[in-house]
Amino acid sequence: MNIVILTGAGISAESGVPTFRGPDGLWEGHRVEDVATPEAFERDPQLVHQFYNGRRAKLLDGTIHPNPAHKALARLAMLRAHRVTLVSQNIDDLHERGGSPAVLHMHGELLKSRCTECESVAVCREDLSRASICGACGGIDCLRPHVVWFGEMPFFLDEIAAAISTADLFVAIGTSGLVYPAAGFVSLARDAGARTLEINLEASAASGVFHESRRGKAGDLVPEWVEEMTR
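Calculation notes
Residues numbered from 1 in each chain as written. Predicted model: local features only at pLDDT ≥ 70, side-chain atom pairs only at ≥ 80, totals over all residues. Heavy atoms only, no water. Helix = DSSP H or I, 4+ residues; strand = E, 2+ residues; numbered from the N terminus. Expected span 1.5 Å × (residues − 1). Buried < 20%, exposed > 50% of the residue type's maximum accessible area, 1.4 Å probe, protein only. Contact = heavy atoms within 4.5 Å. Core = buried A, V, L, I, M, F, W, Y, C linked by side-chain atoms within 4.5 Å. Domains from an automatic or database assignment. Buried area = accessible area lost by both parts, 1.4 Å probe. Salt bridge = Lys/Arg side-chain N within 4 Å of Asp/Glu carboxyl O. Polar contact = N/O pair within 3.5 Å; in protein donor to acceptor, adjacent residues only side chain to side chain. Nonpolar A, V, L, I, M, F, W, Y, C, P; charged D, E, K, R; others polar. Phe/Tyr/Trp six-rings, centres within 6.5 Å; stacked < 30°, edge-to-face > 60°. Pairing = 2+ DSSP bridges. Right-handed = clockwise from strand over helix to strand, strands pointing away.

Brief notes about helix α9 (residues 218-229)
- With 12 residues, α9 extends 16 Å from end C-alpha to end C-alpha; this agrees with the ideal 16 Å at 1.5 Å per step.
- Here α9 has its buried residues at A218, G219, L221, V222, W225, V226 and M229.
- The elements touched by buried residues of α9 are β1 (2-7), α1 (9-13), α5 (68-79), β7 (169-173), β8 (195-200) and β9 (212-215).

As structure tokens, then:
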């Protein structure tokens, strides 16, 4: 069976990663427009670097770990009983730390940097600043977080579309159903003839499109679902 799995902020929230936007509309005390757009980076690169440096440090401080949902998805992929394509809207590395062998990070990766001059991408586990030097081209003041900001095109869209077009089952875990193009994947999957399943703490904006919805914590429900799929 070909399975495409999309994960969102809900799966990482159970590991202690802050969700994208709080009830006050702010993202960790900042307006999205000030820290998550190309215009913000051009206007105030120091602020943007400080924001992502803080998120990166939190991810690496030893308090955030993969939860049972991350580990269960890795187990499903490693058993090779099915062909699994794992797509994540999250920029953390919890799927990889949980053991998943391949992840399509459509919104980028916090632990990588990208050069705005030569476009090289490199592992980044330290703070970035305007004084950071690109290891590939030697440029200064040209590194940025390797994340997709508002107004930018997500990564791997062709690969994701190809996987969905041949999927027998599409599963969304911990997603809001609000952020496009990911919110439209379930409709693409249904149009391609796939069964669709949503696993979420509460109803999402796309819940009505899924064939089946299961409510509860990903850390509880995902291992149960994986157990069903591997019997």
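Quick notes on the environment of C142
- Relative to the elements of secondary structure, C142 occurs in the loop between β5 (121-123) and β6 (143-147).
- In sequence terms C142 and R75 are 67 residues apart; their C-alpha atoms lie 39 Å from each other.
- Among residues more than four places away in sequence, those in contact with C142 are R114, C115, T116, E117 and C134.

Examining the nonpolar core
- Formed by 20 residues in total, the largest nonpolar core has its most connected members in I5, V171, I173, V222 and W225.
- Those elements giving two or more residues to this core turn out to be β1, α5, β7, β8 and α9.
- Considering every element that reaches this core, the biggest residue donor is α9, with six residues.
- Excluding residues within four positions of it along the chain, V222 makes contact with A69, A72, L73, I173 and I199.
- Grouped together as the second largest cluster of nonpolar side chains are 18 residues, L6, A167, A194 and A206 included.

Some words on the domain arrangement of the chain
- If you check the domain split of the chain, you get domain 1 (2-17 + 66-107 + 154-230) and domain 2 (18-63 + 113-147).
- Contacts between the two partners involve 11 residues from domain 1, matched on the other side by eight residues from domain 2.
- In this assembly, domain 1 packs against domain 2 so that about 770 Å² is buried in total across both faces, 66% of it on carbon and sulfur atoms.
- If you sort the residues of domain 1 by the area they bury against domain 2, V17, I91 and F155 come out on top, with a joint share of 51%.
- Joining domain 1 to domain 2, the criterion identifies zero salt bridges.
- Between the two partners, domain 1 and domain 2, sit one residue pair in polar contact (both at pLDDT 80 or more).
- Tallied by class, residues from the side of domain 1 that touches domain 2 come to five nonpolar, three polar and three charged.

Remarks on the packing of aromatic side chains
- Under the counting rule described, the total for this entry stands at five aromatic pairs.
- With a centroid separation of 5.4 Å and 40 degrees between ring planes, the pair formed by F41 and W149 is classed as tilted. You can see F41 sitting in helix α3 (residues 38-43) and its partner W149 sitting in the loop between β6 and α7 (157-165), a full 108 residues away along the chain. We note that F41, like W149, is buried.
- Taking the centre distance of 6.4 Å and the plane angle of 70 degrees together, the rings of F155 and F156 count as edge-to-face.
- Accessibility expressed as a relative area gives 33% for F156, which makes it partly exposed.
- Taken together, the ring pairs in this structure connect F41, F51, Y52 and W149 into an aromatic cluster.

Topic: the pairing of β8
- Counting buried residues in β8 gives five out of six residues, a clear majority hidden from the surface.
- Here five bridges tie β7 to β8, and the two strands are oriented parallel to one another. Bridged to V171 within β8 is L197.
- A crossover connection joins β7 to the parallel β8 through helix α8 (residues 185-191); in handedness this β-α-β unit is right-handed.
- Sheet topology places β8 next to β9; four bridges connect them, and they run parallel. Pairing of E198 across the sheet is with S213, part of β9.

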